[in-house]
Amino acid sequence: MTVLVLGGAGYIGSHAVDQLIEKQYDVAVIDNLRTGHQQAVHKKARFYQGDIRDKSFMESIFEKEAIEGVLHFAAHSLVGESMQQPLQYFNNNVYGTQVVLEVMQKFGVKLIVFSSSAATYGEPKEIPIKETADTNPESPYGETKLMMENILKWCDHAYDMKFVALRYFNVAGAKLDGSIGEDHSPESHLVPLILQTALGQRKELLIFGDDYPTADGTCIRDYVHVVDLIEAHILALDYLKAGNQSAVFNLGSSAGFSVKQMLDTAREVTGKEIPAVVTARRAGDPSTLIASSEKARNILGWKPQHTDIKAIIASAWNWHNAFPNGYDDTKNE
Ligand code: UFG
């Protein structure tokens, strides 16, 4: 039986494919390569280039492959971009998921593990954030993720499709051997931006605001290692295969680090100066986001192994050093 990974050429999806293959799963991958990289996909996975919104394409894959469960990473994922292009987000994320579910229903595939987000919560009233907290997304991106969760809930009700929605906090790091990692273009995430500055590819890091109500004035986030994050997906798949109920879990490390702490740790890890300047706040950034991940630990048996922030940054640094220009190997020579 095969696990189908949607968005398996992206940063997080490619780590999922890699870990599934290492654990002897049979894996098929669908990715439209709009932001993903085919080089990131493990050679032992069967790769199909296409768009999840293309129903006849999706049906052709479900006809060919004996799919037992789906891991769904295929989505647009930038908060800022979603504020400018909300319809693109609703189309790709919400409509795309609808097509996936229609095809799953047609072919009798009942299990899906899906990438949700801390962005479903909006500005939290309590820290750490539990899964029972109110969901008031403050961006179209967060709204699409909440809508996707709700669509899954009603598909469970009507068709007995079982889902696990994993609400990610800040995913960082790379496979420990540095062979796959984070490569977005343009890049907007803190850790790769800090490390590109360490490599001299950027003049300085812009710190978005130092007047937040936190100890050093910069925003606090909960960083989770991509390898640990994927471990939770595999546990979630096993949880569904064992016949358990649909559920929502936060995935974070339950510890918060400020932008300045991340920068200082990266200076320590890389031994580089990493110039930085404080600039205005970025619209829509909550001051502090820290997950309670107790539920995933208790119910899925999730035990994140790489919670040390130095180790997370070191693994990302390893990747950035090996592939300073990302997957564009013409530039890495
Ligand atoms: N930051 C900077 N300078 C930069 C980039 C980021 O100071 O150049 C700061 C941000 O203001 C924020 C922190 O670094 O405080 C982390 O920013 P990221 O862009 O790396 O991540 P976000 O917290 O904005 O977003 C992440 C995921 C989203 C998800 C969101 C949930 O990347 O997909 O968490 O809130 F929606």
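Residues numbered from 1 in each chain as written. Predicted model: local features only at pLDDT ≥ 70, side-chain atom pairs only at ≥ 80, totals over all residues. Heavy atoms only, no water.

A. Main features of the overall build of the protein chain. A tally of regular secondary structure across the protein chain gives 11 helices and 13 strands. Relative to the 2.2 N^0.38 estimate, which gives 20 Å for 333 residues, the radius of gyration of the protein chain is 19 Å and therefore close to what a compact globule would have. Counting every position in the protein chain, which comprises 333 residues, the buried fraction comes to 56%. Of all intrachain contacts in the protein chain linking residues separated by at least 6 positions in sequence, the fraction that spans at least 24 positions is 77%. Total accessible area on the protein chain is roughly 14400 Å²; 49% of this is exposed by carbon and sulfur atoms. Averaged over its 31 positive side-chain charges, the protein chain has a centre that lies 2 Å from the centre of its 42 negative ones. (Helix = DSSP H or I, 4+ residues; strand = E, 2+ residues; numbered from the N terminus. Rg over C-alpha atoms; globule rule 2.2 N^0.38 Å. Buried < 20%, exposed > 50% of the residue type's maximum accessible area, 1.4 Å probe, protein only. Contact = heavy atoms within 4.5 Å. Areas by Shrake-Rupley, 256 points an atom, 1.4 Å probe, with all protein chains shown as cover. Lys, Arg positive; Asp, Glu negative; His and termini not counted. Charge placed at Lys NZ, Arg CZ, Asp CG, Glu CD.)

B. Representation of the side chain of Arg221. The topology assignment puts Arg221 in strand 9 (residues 220-221). Judged by its relative accessible area of 9%, Arg221 falls in the buried class. Within the structure, Arg221 has its side chain in polar contact with the backbone oxygen of Pro286 (distance 2.9 Å). Here Arg221 is in contact with Asn170, Ala255, Gly256, Phe257, Asp285, Pro286, Ser287, Thr288 and Leu289, once residues within four sequence places are set aside. (Polar contact = N/O pair within 3.5 Å; in protein donor to acceptor, adjacent residues only side chain to side chain.)

C. Quick peek at the site of the ligand. Surveying the vicinity of the ligand reveals 20 residues, the closest of which are Leu190, Leu206, Arg221, Arg282 and Asp285. Contacts to the ligand include Asn170, whose side-chain N or O atom sits 2.9 Å from an oxygen atom. When residues of the shell around the ligand are traced back to their parent elements, those giving at least two are helix 6 (190-198) and strand 8 (205-208). Here the shell around the ligand takes 3 residues from strand 8, the largest share from any one element. Grouping the amino acids of the shell around the ligand by side-chain chemistry returns 12 nonpolar, 5 polar and 3 charged. (Near = heavy atom within 4 Å. Nonpolar A, V, L, I, M, F, W, Y, C, P; charged D, E, K, R; others polar.)

D. Main features of the sheet that holds strand 4 (residues 67-72). Read across the sheet, 7 strands follow the order 3-2-1-4-5-6-11 without closing on themselves; strand pairing throughout is parallel. For this open sheet the edge positions go to strand 3 (46-49) and strand 11 (247-251), each flanked by a neighbour on one side alone. Ignoring which end each strand starts from, the neighbouring axes of this sheet average 20° apart. Relative to strand 3, strand 2 (residues 26-31) is paired through 4 bridges, and the arrangement is parallel. The partner of Val29 across the bridge, within strand 3, is Phe47. Packed onto the sheet, helix 7 (residues 226-241) meets strand 1 (2-6), strand 4, strand 5 (111-117), strand 6 (162-168) and strand 11 and runs at close to 160° relative to strand 6. (Pairing = 2+ DSSP bridges. Axes fitted to C-alpha atoms, helices over the stretch in contact; angles between N-to-C directions.)

E. Representation of the packing of helix 2 (residues 55-64) against helix 4 (residues 86-106). Close contact between helix 2 and helix 4 brings their axes to 10 Å; oriented N to C, the two are set at 40°. The orientation of helix 2 with respect to helix 4, classified from their angle, is oblique. In terms of crossing hand, the pair formed by helix 2 and helix 4 is right-handed. Each of Lys55, Met58, Glu59 and Phe62 in helix 2 lies in contact with helix 4, whose residues at this interface are Val99, Val100, Glu102, Val103, Met104 and Lys106. (Parallel < 35°, antiparallel > 145°, perpendicular 65-115°, else oblique. Left-handed = near helix turned anticlockwise from the far one by under 90°.)

F. Geometry of the packing of aromatic side chains. Within the structure shown, the criterion is met by 7 aromatic pairs. Both rings, one in Phe62 and one in Phe107, keep their centres 5.7 Å apart while their planes meet at 45°; by these two values the pair is tilted. Of the two residues, Phe62 sits in helix 2 while Phe107 sits in the loop between helix 4 and strand 5, which places them 45 residues apart along the sequence. Counting every residue linked through ring pairs, the aromatic cluster contains Trp319, Phe323 and Tyr327. Directly above the aromatic system of Tyr212 lies the positively charged group of Arg281, at a separation of 3.9 Å from the ring centroid. For Lys295, the ring lying beneath its charged end belongs to Phe249, and the centroid distance is 5.1 Å. (Phe/Tyr/Trp six-rings, centres within 6.5 Å; stacked < 30°, edge-to-face > 60°. Lys NZ or Arg CZ within 6 Å of the ring centre and 35° of its normal.)

G. Highlighting a nonpolar patch on the surface. A grouping of Leu206, Phe208 and Val277 is seen on the molecular surface, where their side chains present a nonpolar patch of about 220 Å² in accessible area. If you trace the backbone, Val277 turns up in strand 13 (residues 276-279). (Patch = residues over 30% accessible without salt bridge, like charges linked within 9 Å, V, L, I, M, F, W, Y side chains within 5 Å. Salt bridge = Lys/Arg side-chain N within 4 Å of Asp/Glu carboxyl O.)

H. Region of interest: the nonpolar core. If you look at the biggest cluster of nonpolar residues, it comprises 39 residues, and the most contacted ones within it are Val5, Ile12, Val27 and Leu71. Elements that contribute at least two residues to this core include exactly strand 1, helix 1 (11-22), strand 2, strand 5, strand 6, helix 7, strand 11 and helix 9 (294-300). Apart from the residues within four sequence positions on either side, Val27 is in contact with Thr2, Val3, Val5, Val17, Leu20, Ile21, Ala45 and Arg46. (Core = buried A, V, L, I, M, F, W, Y, C linked by side-chain atoms within 4.5 Å.)

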